[in-house]
Amino acid sequence: MTQLIKRDILQLVRHAPLLQFQRFRGKINIQRPRKPHYDRALVVAVTQPQYPKPNKAITCFEKRYTNAQIQNPYNEIIAREVRNWFDHSSMVAIFHLNSMKAEDFFDVRVQLHKQGMHLKSYGQKIINKAIEGSRYEAILPLFDSKHCIVFAPHQKVGLLLRTTRKVPQMVLLAGIVDNTLLNRNDFVAYAQLPGIQASQAELVNTLNVSAHSVVQNLETHQNNFVNILEHYAKFNENKK
């Protein structure tokens, strides 16, 4: 009996089918899934739940802020600070600022600070508040693009140009020296002028030359008359 059972088991093992699982489709694209069958899509659309929409409040579409509420008092403080810089600076230089790294901009600020100059950058709204209605109103069009300003209590035009020459991202537009607005060419020409001491020495020399020339012109006739008398006296002595 046991032999018959073993024989039946061996026959079943020999004739048992081999199961192999295989997928006949590629990877599933989660971002762009394949469109479902029409019937399935129809069932999904019909069975999709619909929730009631809440009532929209009218105040959501109204303007919440007025112009008086938008005004920031901090901007007024910064505008007064900018106006103070313009009023108490003997030299002001306005630059157009191209794309520049923050580290490079910080290095330039440090170099100018060591030389007694201050590099500042403000927004256009703050500049308009600070300058509008003042004697500096003519320079407002210079701040339409990205800019930076250099303030100095003393005139250091030549030193400023030598320092910014190494920074091509800063393009000089105009400047104010002793309450006089100068364009770029005039600002560069001002830097080539001699110092105040050299100008004073040149003025003193010119005045001395003029005074000496006046004295010489006044004594010309007297000297000529004396020379003529000397020649006449010598001529008479030779005759004797």
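Residues numbered from 1 in each chain as written. Predicted model: local features only at pLDDT ≥ 70, side-chain atom pairs only at ≥ 80, totals over all residues. Heavy atoms only, no water.

J.: Quick one: what's the story with the packing of aromatic side chains, residue by residue and with numbers?
T.: Given two aromatic rings, one states the distance between the centres and the angle between the planes to describe the pair. The tally for this structure, following the rule as stated, stands at 3 aromatic pairs. Plain terms: the ring middles of phenylalanine 86 and phenylalanine 151 are 5.3 Å apart, the flat faces sit at 85 degrees to each other, and that makes the pair edge-to-face. Taken as a pair, phenylalanine 86 in helix α4 (residues 73-87) and phenylalanine 151 in strand β3 (residues 147-152) lie far apart in primary sequence, 65 residues in all. A single burial state applies to phenylalanine 86 and to phenylalanine 151, both of which are buried. Taken together, the aromatic side chains of Trp85, Phe86, Tyr136 and Phe151 make up a single cluster linked through ring pairs. (Phe/Tyr/Trp six-rings, centres within 6.5 Å; stacked < 30°, edge-to-face > 60°. Helix = DSSP H or I, 4+ residues; strand = E, 2+ residues; numbered from the N terminus. Buried < 20%, exposed > 50% of the residue type's maximum accessible area, 1.4 Å probe, protein only.)

J.: So what's going on with the nonpolar core? Which residues, and what values?
T.: Core analysis: the largest hydrophobic core is formed by 22 residues, its most contacted members being Met91, Phe95, Leu119, Val150, Leu160, Met170 and Phe187. The set of elements that each furnish at least two residues to this core consists of β1 (91-97), α5 (102-114), β3, α7 (157-164) and β4 (170-177). Element by element, the count of residues in this core is highest for β1, at 4 residues. Not counting the four nearest positions on each side in its chain, methionine 91 is found in contact with Met117, Val150, Phe151, Ala152, His154, Gln155, Lys156, Val157, Leu160, Ile176, Val177 and Phe187. (Core = buried A, V, L, I, M, F, W, Y, C linked by side-chain atoms within 4.5 Å. Contact = heavy atoms within 4.5 Å.)

J.: Hey, could you go over the pairing of β3 for me, with residue numbers and the actual values?
T.: The element β3 is extensively covered by neighbouring structure, given that 6 of its 6 residues are classed as buried. Burial along β3 is two-sided: the face carrying His147, Ile149 and Phe151 and the face carrying Cys148, Val150 and Ala152 are both buried. Where β1 lies against β3, 6 bridges are found, and the strand directions are antiparallel. Looking across to β3, one finds that isoleucine 94 is bridged to isoleucine 149. Bridge analysis of strand β2 (residues 118-120) against β3 gives 3 bridges, and the strand direction is antiparallel. Its bridge partner lying in β3, lysine 120 is registered against isoleucine 149. (Pairing = 2+ DSSP bridges.)

J.: Could you give me a rundown of the environment of glycine 116, with the residues and numbers involved?
T.: Checked against the element boundaries, glycine 116 lands in the loop between α5 and β2. In this structure glycine 116 comes out as partly exposed when scored by relative accessible area, which is 25%. It is 8.9 Å that separates the C-alpha atoms of glycine 116 and lysine 156, two residues lying 40 residues apart in sequence. The residues contacting glycine 116, other than those within four sequence positions of it, are Ala152, Pro153 and Lys156.

J.: Tell me about unusual backbone geometry, and name the residues and values.
T.: Positive phi is not limited to glycine here, since aspartate 178 has a value of about 55 degrees. For aspartate 178, the position within the fold is in the loop between β4 and β5 (180-183). Unusually for a residue other than glycine, asparagine 179 sits at a positive phi of about 60 degrees. Relative to the helices and strands, asparagine 179 resides in the loop between β4 and β5. Residue classification places asparagine 179 among the exposed positions, given a relative accessible area of 55%.

J.: Provide a residue-level description of the packing of α4 against helix α6 (residues 124-131), including the pertinent values.
T.: Direction vectors running N to C along α4 and α6 enclose 60 degrees, while the axes themselves pass 8 Å from each other. One finds that α4 runs oblique with respect to α6. Of the two possible hands of crossing, α4 and α6 adopt the one that is right-handed. In this structure, α4 contributes Asn75, Glu76, Ile78, Ala79, Val82, Arg83 and Phe86 to the contact, and α6 contributes Ile126, Ile127, Lys129, Ala130 and Ile131. Here the residues of the contact of α4 with α6 are counted per class, giving 8 nonpolar, 1 polar and 3 charged. (Axes fitted to C-alpha atoms, helices over the stretch in contact; angles between N-to-C directions. Parallel < 35°, antiparallel > 145°, perpendicular 65-115°, else oblique. Left-handed = near helix turned anticlockwise from the far one by under 90°. Nonpolar A, V, L, I, M, F, W, Y, C, P; charged D, E, K, R; others polar.)

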